[in-house]
Amino acid sequence: MHSVDKGYPPSVHELMAHSDLQRIPEAWRKDAIHLALNRCRDQQVYDVDRVAMEALLASRWMAPLPEVINLSGVLLHTGLGRARLHPEAQAALVRASAAVAVEFDIETGHRGDRQNHVENRLCELTGAPAAYVVNNCAAALMLALNALAEGGRVAVSRGEMIEIGGAFRLPEVMAQSGVELAEVGCTNRTRISDYQGVEGATAWLRCHPSNYRITGFTESPGYAEWVAAARDAGVRTVIDLGHGLLVDWREAGLPYEMPTPQVVASGADLVCISGDKLLGGPQAGILLGQTEAIAEVRKRPFARAFRVDKLTLAALAATLDLYRSGRWRETPFWESMLRPLAQVEAEAKALGGEVRPSLTEVGSGAAPGIGIETWCAVFTKDAARLSQELRHSEISIIGHIQDKSLWLDPRGATPEELEQAGAVLRRLT
Ligand SMILES: *Cc1c(COP(=O)(O)O)cnc(C)c1O
């Protein structure tokens, strides 16, 4: 189509009807058009299609959660919403957005338990006697400590005094949960006898060092012997595991990490995991544990304050069903993790630029210092400008700058997204 620059701006009315702009939600279509017209007037650009294109770009900044294509080289990127949901989980989430029986028993017509279905699935998959879901893992940990040890002392190893993102530092979390912190052992070595040395402890806590590694002359007790010793001492146990790995990931070429079911099998009172890390589901905090401990959790005011919504429950149940039917490799996270290297190489080639080997990070502190072999499309010329243009294109494309070059890692994106990104790159380079 040839449109003509008539020398004066197109009308708002004409632009509102422009076919390219119909996909902008009506709520901010007019605002986007006004913004575009202002910009185009400054540059004396009056071609209707060019103004429409400008409006389309402007509209992206008005979207509450702008869509992106994640070529950053980090799969579970907290800034980009961590795990992407499987289409079946997406569909479940949309279905649950209607009126659904959440706390209502269809059988009896009386009040029901909102988490029944998700709890059954979690118990089946992890072997835990009971489970409870809250908003995120940070909330799960606060709730766990509050339920089992409020007003008491909790022993933690100096090697596990973690910070996960600015506002989540273990000592502060413990204070907010109403428990007193008792540090034990040393940064590199902590033994069971160190925990046993704490007078009047109510609970012992283990935290998975998610985002760092302590290597060299190190020692920490195995979960099972640690839980057994706590039981002998009459003390409760909480394990903040975070990652939520349900399978053996050596299949992806990664070093062994104990999957959640084995950690749960240690018999700890409560184990906390995230829903949107290695599980590949929606943001959620999952408490797995003994029936009595979960019953105590449910009674706390925090349980109500951290209550998870029906959309999360629906998406989580659908994600868990992929594991139950052996189809977990189809979740976007595991598909990315297990995508053959040769396929990734072909995808990098198709993006253009130079093809160079690199490592994809798992992200979210779920596997620090560990990467999966990948191939990136690398653009050496004007990397900062190209990076900015990609972020501002019709869909934001996110890469990362390294050695003054722009690196685009295809491993985290779908074939459709890569096709879209390829088209934008061909236009810009
Ligand atoms: C990631 C993580 C958390 C926080 O989880 P969110 O779901 O982001 O709240 C807490 N503890 C550990 C060990 C983690 O790895």
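Everything below is about the structure shown above.
Reading the values: the criteria
Every chain begins its residue count from 1, and numbering advances along the sequence as written. The predicted nature of this model means local features are confined to residues of pLDDT at least 70 and side-chain atom pairs, given and counted, to a pLDDT of 80 or more, with totals for whole chains, interfaces and linings taken over all residues. Note that water and hydrogens are dropped before the side-chain values are worked out from all heavy atoms of the structure. For this purpose, a residue is taken to be near a molecule or strand whenever a single non-hydrogen atom of the residue falls within 4 Å of it. By the criterion applied in these results, polar contacts are pairs of N or O atoms within 3.5 Å in which, for protein atoms, one can donate a hydrogen and the other can accept it, and in which residues neighboring in sequence qualify only through two side-chain atoms. Computed with a 1.4 Å probe, the accessible areas rest on the Shrake-Rupley method; for each residue, only the protein chains presented here act as cover. Only runs of H or I of at least four residues qualify as helices and only runs of E of at least two qualify as strands under DSSP, and these elements are numbered from the N terminus. Contacts are assigned to residue pairs with any non-hydrogen atoms lying within 4.5 Å of each other. Buried means the residue's accessible area, taken with a 1.4 Å probe over protein chains only, is under 20% of the maximum for its type, while exposed means over 50%, and partly exposed covers the values in between. Strand pairing follows a simple DSSP-based rule, namely that at least 2 bridges must link the two strands.

Asker: Describe in detail the site of the ligand, supporting the description with residues and values.
Answerer: The environment of the ligand is formed by 13 residues, the closest being Arg82, Ser210, Asp240, Ser274 and Lys277. Ala138 places a main-chain nitrogen or oxygen 2.9 Å from an oxygen atom of the ligand. Within the side chain of Ser274, a nitrogen or oxygen atom sits 2.8 Å from an oxygen atom of the ligand. Contact with the protein chains hides 93% of the accessible area of the ligand, taken as 380 Å² for the molecule alone. Listed by contribution, the elements that provide at least two residues to the shell around the ligand are α6 (137–149) and β6 (236–242). The element contributing the most residues to the shell around the ligand is β6, with 3 residues.

Asker: Now, about the side chain of Glu160: what can you tell me, with residues and values included?
Answerer: Along the chain, Glu160 turns up in the loop between β3 (153–157) and α7 (170–176). A polar contact is formed between the side chain of Glu160 and the backbone nitrogen of Cys207, at a distance of 2.8 Å. With sequence-adjacent residues up to four places away left out, Glu160 is seen in contact with Leu170, Tyr195, Leu205, Arg206, Cys207 and Tyr212.

Asker: Provide a residue-level description of helix α5 (residues 116–126), including the pertinent values.
Answerer: Turn by turn, an α-helix covers 3.6 residues, leaving residues three or four places apart pointing in a common direction. Burial in α5 covers these residues: Val118, Glu119, Arg121, Leu122, Cys123 and Thr126. Gly127 sits one or two residues past α5 and shows a positive phi near 80°.

Asker: Explain the pairing of strand β8 (residues 285–289) residue by residue, including any values.
Answerer: Counting buried positions over the 5 residues of β8 gives 5, a clear majority of the element. The alternating pattern of β8 places Gly285, Leu287 and Gly289 and Ile286 and Leu288 on opposite faces, both of which are buried. Strand direction decides the pairing type here: strand β2 (residues 130–134) and β8, joined by 5 bridges, are antiparallel. Looking at the pairing, Val134 lines up with Gly285 of β8. The pairing of strand β7 (residues 270–274) with β8 spans 5 bridges and is classified as antiparallel. When the sheet's bridge partners are listed, Leu270 is paired in β8 with Gly289.

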